[in-house]
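Chain and residue survey
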Amino acid sequence: MKTHPTPEEWMSFLYGEDSPARHAELGAHLHQCAECRGQVQTWRGGMTALDAWTEPQPRRRWAPAPAVRWAAAAAVILGLGIGVGRITSPAQAEMQQLTAALRAEMDTKLASAREEFDRTLQQQQAEVAEVVQAAAIDAAGEELEHLSARIANVINQRREADQETYLAALKQMEERYATLRQDLDTVAVNADDGLSQAREQLIELAAIKQSPSN
Amino acid sequence: MWRVRTDDDAEAFAQLVGRWQKPIQNLCTRMIGDPHRGEDLAQDTFARLFARRKNYEPTGKFSTFLWRMALNICYDELRKLKRRGEFSLDEHDDDSGPFDLEADGPAPDSQLVEDERAEAVRRALVELAEPYRVVVVLRHYEGLKFREIGDVLDIPEGTVKSRMSEALSQLSRLLNPVISEDSDQPNPRPRSNERLLI
């Protein structure tokens, strides 16, 4: 083998992923080539070293031994004892006075802060009420406009309906008037004919009365 | 996985976890360098696997899907640790050593030597850049073929081998003292690269 195998080929060789024939070739080359032998030896060294880290297991969480636990319990009890002793000691009176003074000061500050808070709250409530009222008025105005428009619409509709009814009645009256007038004309014509006929009869009667005297 | 995906079969999922918990935990531990975090991350992986079971396409290999998911969780964790500046080499130098001491194990002095070597390897792995570390962990410890690693990482097989050779060179330099000690040992421990059958 004239050329050196590539590192990729050596990786297949080292991890047994090459074909038996290729493995044999590389093995032969390794036997002859000191340079490759040195390189492969380096890689093998890394591989061997990696085996030092065997399957990792999680370590046990730290658990105190029984003696340690008893010691911790004793320390807690001791601490409690010291605390009780300090509370009942004469120096405690001075501490209580200081505590009472601090408490009074804190109460005063708290009362002042509460008053300030109440004032601010009332002011904010008034502002909110104003805003709400203005909004309500705006809303009522809008509602009123809406209602007015609806009423006008209803009135218009009613007016149109009334107008139609009135026109229909007028038309009917006109028709009746025309019929009546026609009837009247007929009566008048008839009456006129009657009068003409009566006058002619009167004229004839007058003529008859005059003829015997002649 | 198909039963888990289609039927939400809890029993099948439990079997799946039982089969894969250890390899995934080992992967996470070696990627992060912390057995406890590895354990937590493995649990996160299975939680995410169940949550995203509908995303699994049966056309691909389940193992590839799972390795990739676990690695993504590891990368997220590494990013978080680096952002918080918590990813350090001195994370496990507590009194109990890196691992549990087995009652029926080797004598305390030899156990101590083994623990020191293991800690040196852990540190060396953590020092490797992530692209090299992941190849070493998947090939050397989890026993995946170079081609399978290429599938998981979505890179060519040649690139995987190239990174492996570079990683081994770096590890050889970093672990030179451990290697020197090992060369003095008459019977070095055999490698544990069991193949994971899918």
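Residues numbered from 1 in each chain as written. Chains lettered and ligands numbered in written order. Predicted model: local features only at pLDDT ≥ 70, side-chain atom pairs only at ≥ 80, totals over all residues. Heavy atoms only, no water.

1. What to know about the overall build of chain B
The helix and strand inventory of chain B stands at nine helices and zero strands. When the elements of chain B are put in sequence order from the N terminus, they spell out α-α-α-α-α-α-α-α-α. Residues classed as buried in chain B amount to 47% of the 198 residues present. Here the analysis covers contacts within chain B between residues at least 6 apart in sequence; of these, 70% occur between residues at least 24 apart. Accessible area of chain B: about 10000 Å², with a carbon and sulfur share of 48%. (Helix = DSSP H or I, 4+ residues; strand = E, 2+ residues; numbered from the N terminus. Buried < 20%, exposed > 50% of the residue type's maximum accessible area, 1.4 Å probe, protein only. Contact = heavy atoms within 4.5 Å. Areas by Shrake-Rupley, 256 points an atom, 1.4 Å probe, with all protein chains shown as cover.)

2. Here we look at the confidence of the model for chain B
All names here are of chain B. Counting all residues, the mean pLDDT for chain B is 79, and 73% of those residues have values of 70 or more. Throughout residues 93-104 the model reports pLDDT below 50, and contacts reaching past four residues in sequence, or to other chains, amount to 18 contacts. Per-residue pLDDT stays below 50 along residues 186-198; that stretch engages in 32 contacts with residues further than four places along the chain or on separate chains. What the predictor reports for the complex is a pTM of 0.54 with an ipTM of 0.77. (pLDDT = per-residue confidence, 0-100.)

3. Regarding the pattern of salt bridges
For side chains bearing opposite charge, pairing can occur when the charged atoms are close. In the structure shown here, the tally under the stated rule is 13 salt bridges over all chains. With a shortest N-O distance of 2.6 Å, E25(A) and R22(A) are connected by a salt bridge. Taken as a pair, E25(A) and R22(A) lie in helix α2 (residues 20-32) at a separation of three residues, close to a single helical turn. E148(B) serves as the salt-bridge partner of K61(B), at 3.4 Å between the closest nitrogen and oxygen. Here E148(B) lies in helix α7 (residues 146-153) and K61(B) lies in the loop between α3 (35-51) and α4 (62-84), a separation of 87 residues in the sequence. (Salt bridge = Lys/Arg side-chain N within 4 Å of Asp/Glu carboxyl O.)

4. Points about the packing of aromatic side chains
Within the structure shown, the criterion is met by six aromatic pairs over all chains. Between the aromatic rings of W10(A) and F13(A), the centroid separation amounts to 5.3 Å while the plane-to-plane angle is 85°, which identifies the pairing as edge-to-face. Placement of both W10(A) and F13(A) in helix α1 (residues 7-14) is noted, with a separation of three residues, approximately one turn of the helix. Given a relative accessible area of 3%, W10(A) falls into the buried group. F13(A) gets classed as buried once you look at its relative accessible area, which sits at 7%. An aromatic cluster of three or more residues is present, and its members are W20(B), F62(B) and W67(B). Of note, R30(B) hangs over the ring of W53(A), and the distance from its end group to the ring centre comes to 5.1 Å. (Phe/Tyr/Trp six-rings, centres within 6.5 Å; stacked < 30°, edge-to-face > 60°. Lys NZ or Arg CZ within 6 Å of the ring centre and 35° of its normal.)

5. Overview of the environment of H140(B)
By secondary structure assignment, the location of H140(B) is in helix α6 (residues 130-141). Measuring from C-alpha to C-alpha, the distance between H140(B) and M164(B) comes to 9.4 Å, with 24 residues separating the pair along the chain. A distance of 2.7 Å separates a polar atom in the side chain of H140(B) from a polar atom in the side chain of Y15(A). Among the polar contacts made by the side chain of H140(B), one reaches the main-chain carbonyl oxygen of M47(A) at a distance of 3.3 Å. (Polar contact = N/O pair within 3.5 Å; in protein donor to acceptor, adjacent residues only side chain to side chain.)

6. Things to note about the nonpolar core
All names here are of chain B. Grouped together as the largest cluster of nonpolar side chains are 63 residues, with contacts concentrated most on I24, F46 and L138. Examining the composition of this core, we find that eleven residues originate from one element, α4, more than from any other. With residues near it in sequence (within four places) discarded, I24 still touches A42, T45, F46, L66, W67 and A70. (Core = buried A, V, L, I, M, F, W, Y, C linked by side-chain atoms within 4.5 Å.)

7. So, a negative patch on the surface
A surface patch of like charges, here negative, comprises D138(A), E142(A), E143(A) and E145(A). Tracing the backbone shows E142(A) in helix α5 (residues 91-213). (Patch = residues over 30% accessible without salt bridge, like charges linked within 9 Å, V, L, I, M, F, W, Y side chains within 5 Å. Lys, Arg positive; Asp, Glu negative; His and termini not counted. Charge placed at Lys NZ, Arg CZ, Asp CG, Glu CD.)

8. Points about the packing of α1(A) against helix α8 (residues 157-174) of chain B
Contact pair α1(A) / α8(B): the axes reach a minimum separation of 8 Å and the direction vectors enclose 80°. As far as their axial angle goes, α8(B) and α1(A) are roughly perpendicular. Residues P7(A), E8(A), M11(A) and S12(A) of α1(A) lie in contact with α8(B), whose contacting residues are G158(B), K161(B), S162(B), M164(B), S165(B) and L168(B). Residue classes in the contact of α1(A) with α8(B) are distributed as four nonpolar, four polar and two charged. (Axes fitted to C-alpha atoms, helices over the stretch in contact; angles between N-to-C directions. Parallel < 35°, antiparallel > 145°, perpendicular 65-115°, else oblique. Nonpolar A, V, L, I, M, F, W, Y, C, P; charged D, E, K, R; others polar.)

9. Structural notes on a nonpolar patch on the surface
Together, L147(A), I151(A) and I155(A) give the surface a local cluster of nonpolar side chains, amounting to about 260 Å² of exposed area. Inspection of the secondary structure puts I151(A) in helix α5.

10. What about the confidence of the model for chain A?
Residue and element names in this part refer to chain A. The predicted model of chain A has a mean per-residue pLDDT of 82, with 79% of residues at 70 or higher. Mean pLDDT across the secondary structure elements of chain A bottoms out at helix α4 (residues 66-87), with 58, and peaks at α1, with 95. Counting interchain partners and residues more than four positions distant, the pLDDT-below-50 stretch residues 61-67 has two contacts.

11. With respect to unusual backbone geometry
Among all residues except glycine, the phi angle is most often negative; among peptide bonds, the trans geometry is most common. A positive phi is found at D154(B), a non-glycine position, where the angle reads about 60°. Secondary-structure assignment places D154(B) in the loop between α7 and α8.

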